[in-house]
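Structural overview for review
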Amino acid sequence: EKTSQPLPPGFLRRGSMARALGALAVASLVLCNTCLASNLDAATPAEGAAPGAVSETWTIVADDAPMVEDRTEPLGLAAADEEFLLEEQEAEALGDGVAGAGVKEEAPDEQPPEPSTLWDGLVRLAGIVGWVVVLGVMWLGSLFYNQENVLYHPEQPKGYRSPSDIPEEAGLSSPAARDPPLPFKTVFLATEDGARLHAWMVHAADPDLRKRVPTLVFLHGNAGNMAFRLPNVEVLHAACEGTVNIFMLEYRGYGDSTGRPSEDGLGLDIDAGLKYLRTCGDVDPDNVFVFGRSLGGAVAVRGAVGAEGKGIRGLILENTFTCVSDMVDVLMPHLKWVKKLVLRMHWPTRERLTTLGHLPALFISGGQDELIPAEQMRANFVSHAAPMKDKLFIRVTLGTHNDTWQRGGWRYYEQVFAFVKRKAVGEAADLVRVPTRQWWGAWSRRRELLLWRPASDAKPKPIAAE
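Read on for an overview of the structure. The model shown is predicted, which means the values in this text are computed figures rather than measured ones.

1. Structural notes on unusual backbone geometry
- With omega at 0°, the peptide bond leading from glutamine 156 into proline 157 counts as cis.
- Within the fold, proline 157 resides in the loop between helix 3 (118–151) and strand 4 (184–190).
- The omega torsion across aspartate 179 and proline 180 is 0°, close enough to zero to call that bond cis.

Spelled out as C-alpha cells, the structure:
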C-alpha cells in the first residue's frame, strides 16, 4: 500500500531491507514481464560515515536493453527511503507500455584503475620473453638455412659471375688474354652427383715436357671466380720458367660451373678434379701437388684425405683456417654460445691434417692477415702429423689475406718451387726450375707489381677478404 506520509525513523533498521527487495522484484516483473536480473546490495557504512548511511546498488533490466549497473553515493536514511519510493512509483506509472524500453540510469562515476598486481607483471614479462624467443628462433633458423650464403660468394664483384662477364681489356677472360698469352686448354668435367665443372689447364711452356713435369692444382678462395686469379697463376708459371702445369679448377656454382656450392659439393669437386688428372693422359699422374689459398686450402686438405697412393706428392696451404667453428669465434663472437645448434658447415682442416702424416706440406702465412688469424695457420702446421723434415712453415711478415703472394717477393716463389722440386719423384724433380732474385727483379719491373717492401714500411692497408 502506497503512502505519502513520511517514513518513520528506523524504517530500514526494522526490516525495511526485506521490504525493499520485495518491492524491487515486483517493479522488475511489471517493467520487464520477465525478471532477468535483480540485485540489491546494501553495504555497511564506510569507515567514518555518518550513522545510518547506506551504499545501495541495483540493476533494472528491460527485455531489449543491456544490463546497466548504477552505483549511488552513500545516502542518508530519509533520502534513501524517498528515492526508493520514487523509483517504485515511476515504474508503476510507466506500466506495460514501456516494457522493454529499459530505464536510463545515471552514468556510474569513473573508478580509479585497480593497481597492477604481481601476477599482471609476470604475465607481461612472459609475453615479452615469448616474443624474444620467437624472434631468436627465427634468427637461428635463418643462420641454419642460409650459412652457405655467408661463406660462398661466387659473384664478387657484383655482375662478374663468369669470366666472360669481365671486360676483355682487363685481360682476365681466359689465360690467352694475358700478355704474353699463357698456353692452355679449357676442360669440362663431371662430378659424381652430376655437376659440370669448368677448369683451365695451363700447360708447361715446352709441349714436349707437359707429360713429364709436375702439375700444380690451383684452388682459389671463397669470393669470385677463378679468372680473377690469373695474375697470380701467371707469376707462378713465369717463376718456374714454365716447368710445371697449373690446373685451375672452378668450384660448383662459381664461374661457368653448374650447381650450388656446399661443403659436400666442393669435396666432390676436388675428387673429380684429381680423378681427371689421373685419367686424362695429358700430365704425369704421379707428380701432383695441390695448392689452396684460404677456403681453397680446406678443399685441398679434403681432397688429400683418402688419396694416399693416388699421385699426390704434397700440399701447399696459404692463409687457411683451422675450421669453420674457429672462424665463427673470430668473425661472429656473439654466436659462440649457439654455434653448435646452427652450424652445418665444418671444414675441419686442422683435424684432417692429423691423418695426413704421409703427405709433405708447405704452410705459408701472412703475418698481417686481417681475416684469418696467423695463429690458425700455425695451429694447422703443428697439427700436421708429418715429420718435421716433410713440413715447412713460412711467414710473410707484411702479407695480408689476399696479397701474401705479392708481399712475399721472390723468396715466396723460391720456397714454393723448391718444395715442389724436393718432393717430386723421378725425372720431374730435375725439370723444375727454382726462381732467383735476378729473375724476380726483372719480372717485377716489367709487370709493375708491388711485390716487395722494406720492413720499415707501415702495415699495408687491408684488402677485401677472398
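2. Comments concerning the sheet that holds strand 6 (residues 215–219)
- With mixed pairing, the eight strands of this open sheet are ordered in space as 4-5-7-6-8-9-10-11. The sheet terminates laterally at strand 4 and strand 11 (391–396), the two strands that pair on one side only. Mean inter-strand twist for the sheet, computed between neighbouring axes without regard to direction, equals 20°.
- Pairing between strand 10 (residues 361–366) and strand 11: six bridges, direction parallel. The residue of strand 11 that forms the bridge with leucine 362 is leucine 392.
- Contacts between helix 12 (residues 409–423) and the sheet are confined to strand 8 (288–293), strand 9 (312–318), strand 10 and strand 11, with strand 9 contributing the most and set at about 160° to the helix.

3. Some details on empty space enclosed by the protein
- Scanning all chains against the criterion turns up one cavity of 30 Å³ or more.
- A volume near 40 Å³ is recorded for the largest cavity.
- Lining the largest cavity we find Leu274, Leu277, Arg278, Val288, Ala307, Lys310 and Ile312.
- Considering every element that reaches the lining of the largest cavity, the biggest residue donor is helix 5 (residues 263–279), with three residues.
- The residue inventory of the lining of the largest cavity, partitioned by class, reads five nonpolar, no polar and two charged.

4. Some points on the pairing of strand 6
- For strand 6, the tally of buried residues reaches five of five residues, placing the bulk of the element in the interior.
- Here strand 6 shows a buried face lined by Thr215, Val217 and Leu219 and a second buried face lined by Leu216 and Phe218.
- Sheet topology note: the strand 6/strand 7 (residues 245–249) ladder contains four bridges and is parallel. What sits directly across from threonine 215, in strand 7, is asparagine 245.
- One crossover worth recording links strand 6 to the parallel strand 7 by way of helix 4 (residues 230–239), and it is right-handed.
- Two strands pair when backbone bridges link them, and strand 6 and strand 8 are joined in this way by five bridges, in the parallel orientation.

Cut-offs and rules
Residues numbered from 1 in each chain as written. Predicted model: local features only at pLDDT ≥ 70, side-chain atom pairs only at ≥ 80, totals over all residues. Heavy atoms only, no water. Helix = DSSP H or I, 4+ residues; strand = E, 2+ residues; numbered from the N terminus. Pairing = 2+ DSSP bridges. Axes fitted to C-alpha atoms, helices over the stretch in contact; angles between N-to-C directions. Contact = heavy atoms within 4.5 Å. 1 Å grid on protein atoms, 1.4 Å probe; cavity = no way out; pocket = protein on both sides within 12 Å on 5 of 7 lines; lining within 4 Å. Points joined across faces, edges and corners; volume = space filled by probe spheres on them. Nonpolar A, V, L, I, M, F, W, Y, C, P; charged D, E, K, R; others polar. Buried < 20%, exposed > 50% of the residue type's maximum accessible area, 1.4 Å probe, protein only. Right-handed = clockwise from strand over helix to strand, strands pointing away.

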